[in-house]
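These are the residues of each chain, in order.
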Amino acid sequence: MLSNAQIAKKLLEIRTLMEMAGETFYKYTAFERAAATVENAAPLADLRAAGELLALPGIGKSIGAAIEQLLDTGGADALDELYQQFPPTILEVLGVSGIGAKTAAMLWKEHGIGALADLEAAIADGRLAGIPRLGPKTIENWKRGILAYKGRLHRTPLAKALRIAHEAMAYLRAGPPHDRLVYAGSLRRQEVTVGDIDLVCTANDARAITTYFARWERAHAVVAEGPTKTSIWLEDGFQIDLRVLPDHLYGNLLQHFTGSREHNVKVREHAVRKGLRVSENGILNLESGDVTTCAHEAGVYAALGMQFVPPELRSGLDEVDLALRGELPEPIELADVRGDFHMHCTWSDGRDSLEEMIAACAARGYAYHAISDHSWGRGSTYGLDPQRLREQRARVTEIGGRFNIRTLCASEVDILPDGTLDYDDEVLAQLDIVIASIHTAFNVDRDAMTARLIRACENPFVTIIGHPTGRMLEGFAGYEFDYDAVFAAAARTGTALEIDGQAMRLDLPAPLVRRAKQFGVRFTTDSDAHGIADLANLELAVGQARRAALTKEDIVNAWPLDEVLAFVARKRNCA
Ligand code: DGT
Ligand code: CA
Ligand code: CA
Ligand code: ZN
């Protein structure tokens, strides 16, 4: 059944198509008003059941009928009729800023342009030149509008955005002199995907830097340019906003542009109660007119009488209240991490050798790490059979001590469809650590998947459930199971849940980590590296742990080795 928000969206769709179809202003704006009403109403299904649908302001017989159809079928006759006249893809064309209903209708009726791809093709082959009122300037605007539309459709995964941000910052560092340069926005908050990149820079000569940035060879278009601001689009429409202000405002500027909007709203509400107004230009005392500027971000929170809120916690949930009471937890830091339990080498599907992985982990300063190649199942040939696993263990013993690190012998073992594991218990018992993951048979039903994961937790040899939901950013949403039931089982059995730092996984997702923690679950932050270069993915996992407000007590690989081994042994002995 459609939610109010979804129904409001459909009503607006009808409104837009009606305008294109040449309906009167009075008729189509009625749908607009109805959409606004719906957004602020109680659930429409309930209102309808109570016979109160038509009592809503602005919902008459015909709009009421459309809403009932939407509730029943997800569609409406009014919408179907309009789609006899226009293809559904025309909404893409309308999504391009600068193209209104009249123009879109004209493009469709006179030129057969009914989708974004048609429009791009028509612009590319010059077909639109010479149409009355469509000057070259308009076409240029449309081109930008197309890029922006595509950019909005698509949020960029964190790891990719971080890479691009570092490239842009490297370019800026090679330019005119500046004081400080950092990324802010959703990127700094470690959101799993970001809409755009926000860079914050302080310098005496702002103009020199904004101009320099606009000249970056990767800048496909400059979409905003001012004395203290430049926004560019990369070739694929991905936007980077750069702000440059004097250094004494750095703290205010960074706090403002880190967001989230919801967090800033709560901060400002609190400030106003204290007679203060917070903005990127400082903190204004409304009574005295004095402005406090902060060279450091911590100064902003201190001036408001609250704990510093780490960027990853600025979600607008409960962090402002906690910070005011001084109850904000101290999230785990990268420096707290002592090891990494999840990595593959050339013995299974990794790119670098066992020795190279051990050396690289030692070079990262870890006290310990685990080599966790795949078990033999997975319907493919690269997993280790029990004999190979024994050989690998012997090899680790041989290497042992050559590097300044303790290498644990582990395995990433497949959880079979019935919840049993891909190795027998005798094999598992030889390992220091066991990660159990689902790599096959995603399509069992929810109850079966829940039972499968609980059974894996109940195996005394399973230390960690690897990438627990299976979700892939920009792809698979993850298999379905009863989260609470599995979290309860993990807590009860002393099984850790993994926060897998692979760029496209970031699994368990932070909101579920928060929830799991309430059950008393422990976690690991792992790289799931398939080569030396991926070991840095552990940092992404730590970022997600921070978003979930985990502390170093929550995270097994932030513990000393003897505590880690005791954690493993406790579960094995209890069974
Ligand atoms: P994104 O880019 O969609 O992943 O999310 P954000 O949070 O990075 O949003 P963005 O890039 O629009 O703005 C960055 C931060 O700057 C945002 O979290 C709060 C602040 N900000 C930007 N524009 C406004 C505004 O118009 N009003 C307020 N209050 N804050 C703004
Ligand atoms: Ca942003
Ligand atoms: Ca932005
Ligand atoms: Zn793995």
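All chains use their own residue numbering, which begins from 1 and follows the written sequence. Each chain gets a letter, beginning with A, and each ligand a number, beginning with 1, in the order they are written. Local features in a predicted model are, by the rule used here, given only for residues with pLDDT of at least 70; side-chain atom pairs are given and counted only at 80 or more, and totals for whole chains, interfaces and linings are based on all residues. Derived side-chain values reflect all non-hydrogen atoms in the structure, with water molecules and hydrogen atoms excluded from consideration.

Looking at the coordination of the calcium ion (ligand 2)
Threshold: Here the term donor refers to an N, O or S atom within 2.8 Å of the metal (or 3.2 Å for Na, K and Ca), and because water is left out of the atoms, sites may appear incomplete. Any site counts as irregular unless it has four donors with all angles between 85 and 135 degrees, making it tetrahedral, or four or six donors with opposite ones more than 155 degrees apart and the rest between 65 and 115, making it square planar or octahedral. Note on classification: 1.4 Å probe, protein chains only; a residue is buried when its accessible area is under 20% of the maximum for its type, exposed when over 50%, partly exposed between these limits.
Of the protein atoms, only D196 (O), D196 (OD) and D198 (OD) coordinate the calcium ion (ligand 2), at distances of 2.2 to 2.8 Å. Taken together, the six donor atoms coordinating the calcium ion (ligand 2) and their angles of 68 to 163° define a geometry best described as irregular. By relative accessible area, D196 is classed as buried at 19%.

A few points about unusual backbone geometry
Rule in force here: Strands here are runs of E lasting at least two residues and helices are runs of H or I lasting at least four, both read from the DSSP assignment and numbered beginning at the N terminus.
With an omega dihedral of -5°, the bond running from G259 to S260 counts as a cis peptide bond. For S260, the position within the fold is in the loop between α13 (250-258) and α14 (261-273). Going from D507 to L508, the amide bond is cis rather than trans, its omega being 15°. Within the secondary structure, L508 sits in the loop between β16 (496-500) and α22 (510-518). Although it is not a glycine, A441 sits at a positive phi angle of roughly 50°. With respect to the helices, strands and loops of the structure, A441 is situated in the loop between β14 (433-437) and α20 (446-458). Residue classification places A441 among the partly exposed positions, given a relative accessible area of 36%. The phi dihedral of A549 is positive, around 60°, even though this residue is not glycine. Inspection of the secondary structure puts A549 in the loop between α23 (537-547) and α24 (561-574). Classification of A549 as buried rests on a relative accessible area of 11%.

Side note on the domain arrangement of the protein chain
For interface size, the figure often reported is the accessible area lost on association. We count it as follows: The domain limits used here are those given by an automatic or database domain assignment. We call two residues in contact whenever any of their non-hydrogen atoms come within 4.5 Å of each other. Put simply, buried area is how much 1.4 Å-probe accessible surface two parts lose in total, over both of them, once they are put together. In the sections that follow, a salt bridge refers to a side-chain nitrogen of Lys or Arg positioned within 4 Å of a carboxyl oxygen of Asp or Glu. Nitrogen and oxygen atoms within 3.5 Å of one another constitute a polar contact, given that in protein one can donate a hydrogen and the other can accept it, and given that sequence-neighbouring residues count only through two side-chain atoms. Residues are grouped as follows: Ala, Val, Leu, Ile, Met, Phe, Trp, Tyr, Cys and Pro are nonpolar; Asp, Glu, Lys and Arg are charged; all remaining types, including Gly, are polar.
Domain assignment breaks the protein chain into domain 1 (4-152), domain 2 (156-245), domain 3 (250-325) and domain 4 (334-573). Summarising the inter-unit geometry, the C-alpha centres of domain 3 and domain 4 are found 39 Å apart. Across the contact, five residues belong to domain 3 and five residues belong to domain 4. Both sides of the domain 3 and domain 4 interface together cover about 410 Å² of buried area, and 50% of this is carbon and sulfur. Between the two partners, domain 3 and domain 4, sit one salt bridge. Put simply, domain 3 and domain 4 have one residue pair in polar contact (both at pLDDT 80 or more) between them. Class assignment for the residues of the side of domain 3 that touches domain 4 results in three nonpolar, no polar and two charged.

Describing the pattern of salt bridges
Summed over the entire model, instances satisfying the criterion amount to 25 salt bridges. In this structure, the salt-bridge partner of R395 is E355, at a minimum N-O distance of 2.8 Å. Here R395 is found in helix α18 (residues 386-399), whereas its partner E355 is found in helix α17 (residues 354-363), with 40 residues between them in sequence. Since its relative accessible area comes to 26%, R395 is described here as partly exposed. One salt bridge connects E398 with R395, and the closest N-O pair in it is separated by 2.7 Å. Residue E398 and its partner R395 are both found in helix α18; the two are separated by three residues, about one turn of the helix. When its relative accessible area of 57% is taken as the criterion, E398 is described as exposed.

Notes on the pairing of strand β17 (residues 523-526)
Note the cut-off: In this scheme, strands are said to pair when DSSP sees at least two bridges between them. Looking down the strands as they point away from the viewer, one classifies a crossover as right-handed if the path from the first strand across the helix to the second runs clockwise.
Residues F523 and T525 of β17 are buried on one face, and the alternating residues T524 and D526, pointing to the opposite face, are buried as well. The pairing of β16 with β17 spans four bridges and is parallel. Residue pairing in the sheet places D500 in a bridge with D526 of β17. As for the winding sense of the linkage, the β-α-β connection from β16 through α22 to β17 is right-handed.

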